[in-house]
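# Notes for the structure review
Now for the letters of each chain:
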Amino acid sequence: MRLRLLLIGSLLLLSLGAVAQKKIVYRADWAYHDEENFPGIEKLVGNVIFKQDNTIGYCDSAYNYPRDNYLIAFGSPVKIRINDSLTLYGDQVVYEGNSKLSNISGNVILKDNQSALYTNILKYDSERDVGYYPVWGKMINQQDTLTSDQGYYYTKTKMVLLNGDVKLVNNSYTMRCDSLRYHTEDEIVYFVSRTELVSEHNRIITHSGWYDTHNDQTKLVDSVEFYNDNQKLTGDTIFYDKNIEFGIGRGNVVMVDTAQGYIVKGEYVEYNEMGGLSWVTDQAMLVLINKEDSLFVHGDTLRMLIDTLQNPIEMHAFNKVKFFSEDLQGACDSMAYIVPDSVLTMYYNPVIWSGENQLTADTIRFTILDSIHTRLDLLKSGFILTALFDNTEFNQIKGASIVGYITDNQLERVDVINNAEAIYYIMDEDTALIGINVSFTTEMVLKFQDNKIAQILFYDSPDGKIYADKDLPWDDRFLKDFRFLDFYRPKSIEDIFKDPMPREKETKKLPVDSK
């Protein structure tokens, strides 16, 4: 029993000591206590200083409630020093000693080494090191000014949580959102809701990510949209360095240029807003927009060289290139488009399909002459074939060099230059086979109608013969280097991602005689 009483007594002393340590102590020029009229209240006037632990307050006058351990301070302003780096100011402060809460109202200012917060009502919890303002407030931190309907400032971790009509303004951007977080020491914004960032040259929309306002770098996440004068860039994630105006996009990246009329898509993009090289990889696709028939181009990597005005100078596609439009399809290993010269060149085992025609060569070059006319050069080992009778037999034209002329996406004329060879099936009006023309000459001209050979002209006397169907052996119906590549032909936009053309020419077996 005696031991129990000693323990209870010790606990009571410790408890009383703890309560005593929490009492607010003060000093003032004059103190007044009227227990009869104002029970439990001490009125303090003139150079009032009150203290509890590390918190020190300064005011003109105060009401002290020693029984309840709180104090109401008045001044112009009241000053509360929480610690060496944090000070609060306001017209009136209710300081609760038991909970260490400071309820400040009227011209409130919170200042620390990094920032200053201005509002009209603030509740500061010294135990949790957090200030809460339930009304409009403004924080100034270095070059950043933040305003919101309400907010929390965790002064120990230097993190601000802002809610309601949030706005951040600095030299680079004006940001608006419903909520965000901001680190005053690192000067980093953390996006937690849909946020719009507007600068002189671009506009950004994001839902998550961060922005380093000191270094002008940002990582944006979740349905990101990036706009400048004529371009729109979207993606799952975008990193952007405003200092060098360079961005990296990852995941479902789409860039649309309405002025230049193209769209770029891919899973990874490097983009230079002020000119230079931009890259697209992983499911990369370039769309050259045309009201009549847009061209869709795929390669493992797309590279674009642009000038400072965002005008494209060169466009390159590398590895496993395919393209598709309604009137023209193609495949090769690599392709380059020199925009000022309007010249597109296909390298390494290129092939083009136009209507029923297949065109191959060592190198293929398009030269866009105007909006409706294009010149086509099959450089070295040019070969044109047209499938007949359900892809069992073929019209064939071969030459050292072949030049084609395209009008309104239709092959109109072909000039075969040097070592011209032809195997041509002659039909009557009812498409019945009359005979097979096998010819060899120096040069020839083919005229097309509806993408089909309508006429063959020879510049000199050809060395050739017209054979009856039964008289021409099967193997003689194919010119040397014959290859039917319809397997690689894209029949839709989706097909440009499938069955890539090999970099080197394959040795193709001749079709099997169906007769």
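Details of the structure are given in the entry above.
Criteria and cut-off values
- Residues numbered from 1 in each chain as written.
- Predicted model: local features only at pLDDT ≥ 70, side-chain atom pairs only at ≥ 80, totals over all residues.
- Heavy atoms only, no water.
- Phe/Tyr/Trp six-rings, centres within 6.5 Å; stacked < 30°, edge-to-face > 60°.
- Lys NZ or Arg CZ within 6 Å of the ring centre and 35° of its normal.
- Helix = DSSP H or I, 4+ residues; strand = E, 2+ residues; numbered from the N terminus.
- Buried < 20%, exposed > 50% of the residue type's maximum accessible area, 1.4 Å probe, protein only.
- Contact = heavy atoms within 4.5 Å.
- Polar contact = N/O pair within 3.5 Å; in protein donor to acceptor, adjacent residues only side chain to side chain.
- Pairing = 2+ DSSP bridges.
- Salt bridge = Lys/Arg side-chain N within 4 Å of Asp/Glu carboxyl O.
- Core = buried A, V, L, I, M, F, W, Y, C linked by side-chain atoms within 4.5 Å.

Glancing now at the packing of aromatic side chains. In this structure the tally under the stated criterion is 15 aromatic pairs. The structure contains a cluster of three or more aromatic residues connected by ring pairs, namely Phe383, Phe394, Trp474, Phe478, Phe482 and Phe484. Over the ring of Tyr58 we find Lys79; its NZ or CZ atom is 5.6 Å from the centre of that ring. The ring of Tyr190 has Arg181 sitting right over it, with the charged end atom 5.2 Å from the ring centre.

The next thing to look at is the environment of Gly266. Within the element layout of this structure, Gly266 appears in strand β22 (residues 262-272). Residue Gly266 is classed as buried on the basis of its relative accessible area, which comes to 3%. The sequence separation of Gly266 and Val160 amounts to 106 residues, and the corresponding C-alpha distance is 36 Å. Those residues within four positions of Gly266 in sequence are excluded, and the remaining contacts are Asn252, Val253, Val280, Thr281, Asp282, Gln283 and Ala284.

As for its position among the elements, Asn272 is in strand β22. A polar side-chain atom of Asn272 sits 2.4 Å from the main-chain carbonyl oxygen of Leu277. Discounting chain neighbours no more than four positions away, the residues touching Asn272 are Glu245, Phe246, Leu277, Ser278, Ile306 and Gln310.

Put simply, side chains in a regular strand alternate between the two faces of the sheet. Bridge analysis of β22 against strand β23 (residues 276-281) gives three bridges, and the strand direction is antiparallel. Bridge pairing in β23 places Val269 opposite Val280. Relative to strand β26 (residues 301-306), β23 runs antiparallel, the two sharing six bridges. When the bridges of β26 are listed, Thr281 appears paired with Thr301.

Across all of its chains, the model carries 14 salt bridges by this definition. In this structure, Lys158 and Asp112 form a salt bridge, with 3.6 Å as the shortest nitrogen-oxygen distance. With a gap of 46 residues between them, Lys158 in the loop between β12 (150-154) and β13 (159-169) and Asp112 in the loop between β7 (101-111) and β8 (115-125) connect regions that are remote in the sequence. The buried category is assigned to Lys158, whose relative accessible area is 13%. A single salt-bridge network, built from bridges that share partners, covers Asp53, Lys100 and Glu127.

Another aspect to go through is the environment of Asp300. Here Asp300 shows up in the loop between β25 (295-298) and β26. Dropping the residues within four chain positions of it, Asp300 is found in contact with Val280, Thr281, Asp282, Ala284, Phe318, Asn319 and Lys320.

Here the focus is unusual backbone geometry. Trans is the prevailing form of peptide bonds, just as negative phi is the prevailing case for residues other than glycine. In this model, Ser76 is joined to Pro77 through a cis peptide bond whose omega is 0 degrees. With respect to the element layout, Pro77 can be found in strand β5 (residues 70-83). Despite not being glycine, Asp481 shows a phi value in the positive range, around 70 degrees. With respect to the helices and strands, Asp481 occurs in the segment after β38 (463-467).

Take the environment of Ala28 next. Within the secondary structure, Ala28 is located in the loop between β1 (25-27) and β2 (30-33). Considered as a pair, Ala28 and Tyr118 are 90 residues apart in the sequence and their alpha carbons are 28 Å apart. Apart from the residues within four sequence positions on either side, Ala28 is in contact with Leu44, Val45, Gly46, Asn47 and Val48.

A word on the nonpolar core. Residues Met335, Met346, Ile352, Phe366 and Leu446 are the most contacted members of the largest nonpolar core, which totals 91 residues. Per element, the largest residue contribution to this core is six residues, and it comes from strand β35 (residues 410-427). Each residue touching Met335, except ones within four places of it in the same chain, is listed here: Val297, Met315, His316, Ala317, Val321, Phe323, Leu344, Thr345 and Met346. The next biggest cluster of nonpolar side chains, apart from the first, holds 14 residues, and it includes Ala387, Val438, Leu472 and Phe482.

The subject of this paragraph is the pairing of strand β14 (residues 174-183). Pairing of β13 with β14, which is carried by nine bridges, proceeds in the antiparallel orientation. Bridge assignment links Leu161 to a residue of β14, and that residue is Arg181. Hairpin geometry of β13 and β14 is characterised by an intervening segment of four residues between the two adjacent antiparallel strands. Here four bridges tie β14 to strand β15 (residues 188-191), and the two strands are oriented antiparallel to one another. Along β15, the bridge assignment pairs His183 with Ile188. A loop of four residues connects β14 with β15, the two strands running antiparallel in sequence, and Glu187 in this loop sits at a positive phi of about 60 degrees.

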